[in-house]
Amino acid sequence: MKASHLFLCLFFVSCWLNLMPTAGNRIFHFGLCRISMSVTEIRSGFTAIKANIQARDPIRTLSILSYPHSLHKVKSSDRCCITHQLFNFYVDKVFKHCKTEDSYVNRKISSIANSFLSVKRKLRQCHEQNKCMCGQESTEKFKQILANYEGLNVTSAAIKSLGELDILLDWMEKSH
C-alpha cells in the first residue's frame, strides 16, 4: 500500500514538473495555444549584435514590422496565427539571408534562429490541433509585413527584419 502511495506521489510530482517551464522560460498564451520559451535568451543574443546589424541597414526611413501598426491592436484570438506566421517568416526568409563576415555575429544569428525554430515547431503543433486559427485581421497584418519585406532586396530586407527583432519581442511580451 505504501508503495502505491509513493508511486502516486512521484507520478504527480513528475506531472507537475512537466508543466513547469524550464529555467529562464516563460509560458506565453497566444489564444488557446500555450508556448514555453525564453525571450530573455533570444533578447540577450539579439542585444549582443543589435548595433552591428542595425549599422548594416541602409534604409532608416522604412520599417517592416511597424508599418503603420502592423502588430498593434491584434485581437487575442489572432495572436497565435500572426505569431505563427512571423516565426515562419523569420525562420524561412530572414535568418537564411542574414550572413555577415563576422563569425561572432553569425553564431549569435544562428543561436537566435535555433530558438525561433524550436518555437516555430511548437506553434505548428498548435496550428495542427486547431488551437491557432487565422482571422482576417491577422492575415491582413501579415500580408502588410510581407509586402514591406518584399519591397526591398532580399539581403536588405533580411537585415532590416533582424534589426527589428526587438519590436517583435516587445510585442510578444506585452501581449503575454
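(A) Quick look at the overall build of the protein. Each helix and strand counted, the protein has seven helices and two strands in total. Walking the protein from its N terminus toward its C terminus, one meets helices and strands in the order α-β-β-α-α-α-α-α-α. Burial analysis of the protein (176 residues in total) assigns 40% to the buried set. With an accessible surface of roughly 10000 Å², the protein has 57% of that area assigned to carbon and sulfur atoms.

(B) Fine view of the pairing of strand β1 (residues 26-30). Bridge count between β1 and strand β2 (residues 33-37): five bridges; the pairing is antiparallel. Following the sheet pairing, F30 is matched in β2 by C33. In sequence, β1 turns back onto β2 through a hairpin of two residues, with G31 there showing a positive phi of about 65°.

(C) The arrangement of the packing of aromatic side chains in detail. For the structure shown, the criterion picks out eight aromatic pairs. Ring geometry for F28 against F30: centres 6.1 Å apart, planes inclined by 5°, an arrangement best described as stacked. Of the two residues, F28 and F30, neither departs from the other in class, the shared state being buried. Ring geometry for F89 and F142: centres 6.2 Å apart, planes at 85°, overall edge-to-face. One end of the pair, F89, is in helix α3 (residues 76-94); the other, F142, is in helix α5 (residues 136-150), with 53 residues separating them in the sequence. On the accessibility criterion, F89 (3% relative accessible area) is buried. According to the relative accessible area criterion, F142 is buried, its value standing at 13%. Ring pairing ties together the aromatic residues F87, F89, Y90, F95, F116, F142 and Y149, which thus form one cluster.

(D) Spatial organisation of the packing of α3 against helix α4 (residues 103-128). Relative orientation of the contacting elements α3 and α4 amounts to 140°, with a least axis distance of 9 Å. Overall, the two elements α3 and α4 adopt an arrangement that is oblique. Taken as a pair, α3 and α4 cross one another with a handedness that is left-handed. The residues of α4 that touch α3, namely those facing C80, T83, H84, F87, N88, Y90, V91 and D92, are F116, L117, V119, K120, L123, R124, C126 and H127. The residue makeup of the contact of α3 with α4, split by class, is nine nonpolar, four polar and three charged.

Criteria and cut-off values
Residues numbered from 1 in each chain as written. Predicted model: local features only at pLDDT ≥ 70, side-chain atom pairs only at ≥ 80, totals over all residues. Heavy atoms only, no water. Helix = DSSP H or I, 4+ residues; strand = E, 2+ residues; numbered from the N terminus. Buried < 20%, exposed > 50% of the residue type's maximum accessible area, 1.4 Å probe, protein only. Areas by Shrake-Rupley, 256 points an atom, 1.4 Å probe, with all protein chains shown as cover. Pairing = 2+ DSSP bridges. Phe/Tyr/Trp six-rings, centres within 6.5 Å; stacked < 30°, edge-to-face > 60°. Axes fitted to C-alpha atoms, helices over the stretch in contact; angles between N-to-C directions. Parallel < 35°, antiparallel > 145°, perpendicular 65-115°, else oblique. Left-handed = near helix turned anticlockwise from the far one by under 90°. Contact = heavy atoms within 4.5 Å. Nonpolar A, V, L, I, M, F, W, Y, C, P; charged D, E, K, R; others polar.

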